[in-house]
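Here's the letter readout for the chains.
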Amino acid sequence: MKVLVIGGGAREHALCRALSLDPDVSALHCAPGNAGIADVAELHPVDALDGAAVAELAAALGADLVVVGPEAPLVAGVADALRERGFPVFGPSAEAARLEGSKAFAKDVMAAANVPTARSYVCTTPEEVDEALDAFGAPYVVKDDGLAAGKGVVVTADLKAAREHALACDRVVIEEFLDGPEVSLFALTDGETVVPLQPAQDFKRALDGDEGPNTGGMGAYSPLPWASPKLVDEVLESVLQPTVDELRRRGTPFSGLLYAGLALTSRGVRVIEFNARFGDPETQVVLARLKTPLAGLLLAAATGGLAEVPPLRWSDGAAVTVVIASHNYPGTPRTGDVIEGLPETAEKDEAYVLHAGTARDAEGRVVSAGGRVLSVTATGADLATARDRAYAAVSRIRLEGSHHRTDIAEQAARG
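Structure report, in brief. (Residues numbered from 1 in each chain as written. Predicted model: local features only at pLDDT ≥ 70, side-chain atom pairs only at ≥ 80, totals over all residues. Heavy atoms only, no water.)

### Focus on the sheet that holds strand S10 (residues 182-189)
Sheet architecture is open: 4 strands sit in the order S11-S10-S16-S17, paired in antiparallel fashion. What marks the edges here is a single partner per strand, and that holds for strand S11 (194-196) and strand S17 (268-275). Between one strand and the next, the sheet's axes are offset by a mean angle of 35 degrees, whatever the strand orientation. (Pairing = 2+ DSSP bridges. Helix = DSSP H or I, 4+ residues; strand = E, 2+ residues; numbered from the N terminus. Axes fitted to C-alpha atoms, helices over the stretch in contact; angles between N-to-C directions.)

### Observations concerning the pattern of salt bridges
The tally for this structure, following the rule as stated, stands at 27 salt bridges. Where arginine 365 meets glutamate 363, a salt bridge forms, and the shortest distance between an N and an O atom there is 3.6 Å. Of the residues examined, arginine 365 reaches a relative accessible area of 37% and is grouped as partly exposed. Salt-bridge contacts for glutamate 410 lead to arginine 414; the nearest nitrogen and oxygen are separated by 3.7 Å. Taken together, the positions of glutamate 410 and arginine 414, both in helix H14 (residues 410-414) and 4 residues apart, correspond to about one turn of that helix. (Salt bridge = Lys/Arg side-chain N within 4 Å of Asp/Glu carboxyl O. Buried < 20%, exposed > 50% of the residue type's maximum accessible area, 1.4 Å probe, protein only.)

### Details of the environment of aspartate 337
In this fold, aspartate 337 is placed in the loop between strand S18 (318-325) and strand S19 (339-340). Residues contacting aspartate 337, with those up to four places away along its chain left out, are Val366, Val367, Ser368, Leu399 and Glu400. At 2.9 Å, the side chain of aspartate 337 and the side chain of arginine 334 are in polar contact. (Contact = heavy atoms within 4.5 Å. Polar contact = N/O pair within 3.5 Å; in protein donor to acceptor, adjacent residues only side chain to side chain.)

### Thoughts on the packing of aromatic side chains
Tallied over the entire structure, the rule returns 5 aromatic pairs. Relative to tyrosine 259, the ring of phenylalanine 186 has its centre 5.2 Å away and its plane inclined at 35 degrees; by these criteria the two rings are tilted. Pair noted here: phenylalanine 186 is in strand S10 and tyrosine 259 is in strand S16 (residues 256-265), with a separation of 73 residues, a long-range link. Grouping residues by exposure puts phenylalanine 186 and tyrosine 259 together as buried. Through successive ring pairs, a cluster of aromatic residues spans Phe90, Phe186, Tyr259 and Phe278. Over the aromatic face of tyrosine 352 sits the side chain of arginine 17, whose NZ or CZ is 3.5 Å from the ring centroid. (Phe/Tyr/Trp six-rings, centres within 6.5 Å; stacked < 30°, edge-to-face > 60°. Lys NZ or Arg CZ within 6 Å of the ring centre and 35° of its normal.)

### A short note on unusual backbone geometry
Cis geometry is found at the peptide bond from alanine 31 to proline 32, where omega equals 0 degrees. Mapped onto the secondary structure, proline 32 falls in strand S2 (residues 27-32). Notably, aspartate 210 is not glycine yet its phi reads approximately 55 degrees, a positive angle. The partly exposed category is assigned to aspartate 210, whose relative accessible area is 47%. The phi torsion at alanine 409 lies on the positive side, around 65 degrees, for a residue other than glycine. Among the structural elements, alanine 409 can be located in the loop between strand S24 (398-399) and H14.

### As for the nonpolar core
Membership of the largest hydrophobic core comes to 77 residues, with the highest contact counts inside it found for Leu4, Leu82, Leu99 and Val320. Tallying contributions element by element places helix H9 (residues 231-249) first for this core, with 7 residues. If sequence neighbours within four positions are ignored, leucine 82 has contacts with Val54, Ala55, Ala58, Val66, Val68, Phe87 and Val89. Counting 43 residues, the second largest nonpolar core, distinct from the first, contains Tyr259, Leu287, Leu298 and Ala356. (Core = buried A, V, L, I, M, F, W, Y, C linked by side-chain atoms within 4.5 Å.)

### Observations concerning the side chain of glutamate 176
Structurally, the position occupied by glutamate 176 is in the loop between strand S9 (172-175) and S10. Among the polar contacts listed, one links the side chain of glutamate 176 to the backbone nitrogen of arginine 119, at a separation of 2.9 Å. Ignoring sequence-local partners within four residues, the contact set of glutamate 176 consists of Thr117, Ala118, Arg119, Phe136, Val141 and Arg267.

### Thoughts on helix H6 (residues 103-113)
Extensive coverage of H6 is indicated by the burial of 8 of its 11 residues. Its buried side turned inward, H6 meets helix H5 (98-101), strand S6 (120-123), strand S7 (140-144), S9, H9 and S17. Positive backbone phi, at 60 degrees, marks asparagine 114, one or two positions downstream of H6.

Structural measurements only, silent on function.
Written out as C-alpha cells, the structure is:
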C-alpha cells in the first residue's frame, strides 16, 4: 500500500512513524512534512489547504490511501477534492468536519442526537455576550465558534477577560463550566461503524499545576488508571455512535477520526468539544500503545470496511509524551533556534522524539520552526516508568529559551 499523509506536525510524525512500522505499507509519503518526518517518509512540498494540488500529488504518487492530518485542510474540503478524484481518504468531508469547524454546529448536532454536553448560548452581539456571561457566572467558558488552532477557548474567573475574548470573536459560544477531570477519546468511523481507541489525557495549560494560558497541548499520557473500565463503552453508546448516526441521517456521513473531548462531571460524562481529526499530543501516546497495524485500520475507515475489522490489540504498558515548546509559546514563538541532542535521543530506552515545529537551516541543522517544537514520547511497563524515560530523553535535548511542563502524568503515575 502506498500511503500519503497530509500535514507537518507531531501528530503527522506519529502517524507516519506508526505507518512506517506497518508491513503492508510499501511506500510512505508526507506533504509538506518536517525535519523529523523526513526520516521515515519521502517529503513533498504542497499547500495542504489546496485540494486540487493535494489531489494532483496523490495522483502523481499513485497513492492507495491519503490520510489528512490537520483540521484546517479538512474544513477547507481537501478530503472532498481527493474523493472526487477517486482516492480512498481518511478524513471527513468539509460538511462533516463542521463538527470541529463550528462549535455552534456541533452543539446543534449534539442536541439532535441527545448527546450530553454543557448548556450554552451562541452569541453574535455584545448584548448577547453580556446576557450569557451573566447567566452562567464564573468560571466563564468562552469559545470562538471557528477554528483557532487550540487557542480559541478561554476559561477564566475574570469577567473582563472573558468579555474581551468574546467580543474579539465574530461568533462565540458561551457555556456552563464543567467540573471533573477531562479525557480525550478517539474513534475510527466509516460513517456507520464506530471503533473507539484507548482514552488519553492531555494537558492544555502552558505551566505546571495547570497554570498559565491555554495551549494546543503540552503533554499527554495513556492509559488512565483512574478511569472506569466501562468508560469507553459508555462513551461509545451515549456520545460517539449517536453523533455518527445523526450526521449520517443528515446526509453528511462522517468518516475518519472522531475525537470527543470529555469532562467526567459529578453528573456524568459531558462532551466539551468534538474534533474531526487525531488530537495532538494525545495521538502520540495512543499510537505508541496500538499494536494493530495502522494502515489497514485507516483504509477500512476510508472504504466502509470497519465492521469486518477484528478487535484492536493494545500493549499492556503505558505511554507518556512531553512537549518541548519554543520561547514565548503560546504567544508569538521565537523560531530559528538550533536543536541539539537529537541523535543521542533517537529511539533510546523506549523513548523517541516526534517533530512538530522543526525545519532544516541552510547548514542542514535542525532548527525550531513553530510554537510546539518536539513531542518527546516514551513507553514503559507502567506510567511511572514511561514518565521517567520521557523526562530522561527531554533532559538530553537542548533548545535555547525552550520550556516544558515537568508534571505530565505525575499524579496518575503516583496512583
